[in-house]
Amino acid sequence: TVLILDFGSQYSHLITRRIREFGVYCELLPCTQKMADLHFKPKGIILSGSPYSVYDKDAPRVDPAVFDYGVPVLGICYGLQEMTLHMGGKVEACDHREYGHAMLTVTKHADHPFIDLLFEGMEGENGEMQVWMSHGDQVTSEPEGFRVIANTRTAPFAAIAHEEKHFFGIQFHPEVTHTLNGKTLLRNFVINICKCQDSWTMESFIDKEIERIRQMVGPVGHVVGAVSGGVDSTVAAKLMNEAIGHRFHAILVDNGVMRLNECQVVKKMLGDKMGIDIKVVDAADLFLGRLKGVEDPEKKRKIIGNTFIEVFEAEAALLDKEHGGEIEYLLQGTLYPDVIESISFKGPSATIKTHHNVGGLLEDMKLKLIEPLRELFKDEVRELGRLLGLDDELVWRHPFPGPGIAIRVVGEVTKEQVEIARLADHIYIEEIKKNGFYRQISQAYAALLPIKTVGVMGDKRTYEQAIALRAITTVDFMTADVFSSFEWFECLKRISSRIINEVQGVNRVFYDVSTKPPATVELC
Ligand code: XMP
């Protein structure tokens, strides 16, 4: 295992992804992690970049024990600067912030071939390599015992190394694709320098995780979990089913704001096809009743979140009775990015929107938490789903928010309004799939705008509501771009005409062309 200490760079998770891609298991932890408290013994440590300068008043600092742990350390950008300061070198602000491509020249060390290992196989024909820089400070004097191993035109200390300690520091970012062969550098570090084995695979993860679940739950324990029809909860449920069969109980709460035919589809897929014990609870009227007259987006979310907890708890209690009080665990499909976010040294970022999840359940229910996906990224969950035999269609499903169509009906959420949005969305997604755009888009949906405008149908004047279509591309949903191409606009025109013809009460369709930020993915 390799330990990556995160100083808050937007690229930190990429380091983790790259290393796992070539089969070495690694964990990303906040830079404040104390080495004495680690639950594993890393064979190497990587210090990430950071939005901070090492001279900022509140700059994050690493546990000095990192440098006495006795394993190789690779500092990237801020990590290099942190290492340099700690070991007695000098870091100063650059005249200009350096951002973008740079050409790196490597110095060879015939007397110490070990330090040449870092750049092995990376150089182009002229001995140079293209790297990606993004920094405001740089090293201006290397610490004692270090050698310069590469430089660029503007950074004479672009890479340094300490041959006995096996410490390396690089100013550029090997984890981004703009650094050509950056992956080779990370591989050189973890395989050739740290001597890690590249035997971590998703198959081995499945076997280990199933074993871990069985150990945790024991021979008679039961587990309950909410499923939504999304990738994460389905993959988690499938894994539980493989581990403990019908001692895992899935609950699907129909909150009245789900997609068209969603409950039947999910019940069929999880229950009939995958053999999971699943109960569908119809609570649509309860949810819609409580949403009556509510227009404020945050209020909608709160009502749905709280009502969900109430319904789920009641159902779980019934199941517990049925199974002799043996329900001990609550399954959650938490992913690695959620874990990282909640342990970040920066503290919780400002709440833009309250995301609905089942976190509140634990306190009330006295259940222990089981999170089989907590070490995985989204694309790894998809891969896991594929290996567990889930349909491609499910594995590649776009995300759907917990408060569902309620946050896609602007203004008051009534049964009638939900039905309009639901039908328009169904047509939209059906056409997206039929025209081959689904996998190119990260998330798409139709929303209902409660504004009436004038139109003409046949020879009649209409005065009806509007549908807004959204389609975005994104990697992490923190920022998003609008999906667009000529073919797509042609397709949108056909979709618009279908929606206006087939959905009663709609006479106009808008396409949302706002990026995130400043807009968000959902309208509410
Ligand atoms: P926003 O609108 O915040 O959406 O830009 C980013 C991503 O999060 C999803 N989303 C939610 N998911 N409960 C969820 O489970 C929520 O309350 C919620 N709000 C937004 C949204 O669909 C997008 O994928």
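Quick note: structure is the one above.
Residues numbered from 1 in each chain as written. Predicted model: local features only at pLDDT ≥ 70, side-chain atom pairs only at ≥ 80, totals over all residues. Heavy atoms only, no water.

**So, the packing of aromatic side chains**
When we look at a pair of aromatic rings, we describe it by the centre distance and by the angle of the planes. Counting across every chain of the model gives 14 aromatic pairs. Measuring from centroid to centroid gives 6.1 Å for Trp488 and Tyr511, while their planes differ by 65°, and the two rings are edge-to-face. Separated by 23 residues along the polypeptide, Trp488 in helix H15 (residues 486–502) and Tyr511 in strand E18 (residues 506–511) bring together distant segments of the chain. Taken together, a centroid distance of 5.8 Å and an interplanar angle of 90° make the contact between Phe489 and Tyr511 edge-to-face. Separated by 22 residues along the polypeptide, Phe489 in helix H15 and Tyr511 in strand E18 bring together distant segments of the chain. On the basis of relative accessible area, Phe489 is assigned to the partly exposed category, the value being 37%. Tyr511 gets classed as buried once you look at its relative accessible area, which sits at 18%. Cluster of aromatic residues (ring-pair linked, three or more members): Tyr428, Phe437, Phe483, Trp488, Phe489 and Tyr511. Over the aromatic face of Tyr438 sits the side chain of Lys433, whose NZ or CZ is 4.9 Å from the ring centroid. (Phe/Tyr/Trp six-rings, centres within 6.5 Å; stacked < 30°, edge-to-face > 60°. Helix = DSSP H or I, 4+ residues; strand = E, 2+ residues; numbered from the N terminus. Buried < 20%, exposed > 50% of the residue type's maximum accessible area, 1.4 Å probe, protein only. Lys NZ or Arg CZ within 6 Å of the ring centre and 35° of its normal.)

**Observations regarding unusual backbone geometry**
One can expect most non-glycine residues to show negative phi and most peptide bonds to be in trans. In this structure, Pro517 follows Lys516 across a cis peptide bond, with omega equal to -20°. The residue Pro517 is located in the segment after E18 in this model. Cis geometry is found at the peptide bond from Pro517 to Pro518, where omega equals 5°. Looking at the secondary structure, you find Pro518 in the segment after E18. For His166, which is not glycine, the phi torsion reads 65° and is therefore positive. Locating His166 in the fold gives a position in the loop between strand E8 (159–162) and strand E9 (167–170).

**Here we look at the sheet that holds strand E13 (residues 327–331)**
Pairing in this open sheet of 5 strands is parallel, and the strands run E12-E11-E10-E13-E14 from one edge to the other. Only two strands of the sheet have a single partner each, and these edge strands are strand E12 (277–282) and strand E14 (368–370). The sheet shows a mean angle of 30° between the axes of neighbouring strands, direction not considered. Examined bridge by bridge, strand E10 (residues 222–226) and E13 share 4 bridges and lie parallel to one another. Across the sheet, residue Val223 finds its bridge partner in E13, namely Tyr329. In the packing of helix H5 (residues 202–217) onto the sheet, contacts are made with E10, E13 and E14, and the angle to E14 comes to roughly 165°. (Pairing = 2+ DSSP bridges. Axes fitted to C-alpha atoms, helices over the stretch in contact; angles between N-to-C directions. Contact = heavy atoms within 4.5 Å.)

**With respect to helix H12 (residues 378–387)**
Among the residues of H12, Glu380, Val381, Arg382, Leu384 and Gly385 are the ones counted as buried. Considering only its buried residues, H12 is in contact with helix H1 (12–21), H5, helix H6 (231–244) and helix H13 (392–395). Positive phi shows up at Gly389, right after H12, with a value of about 90°.

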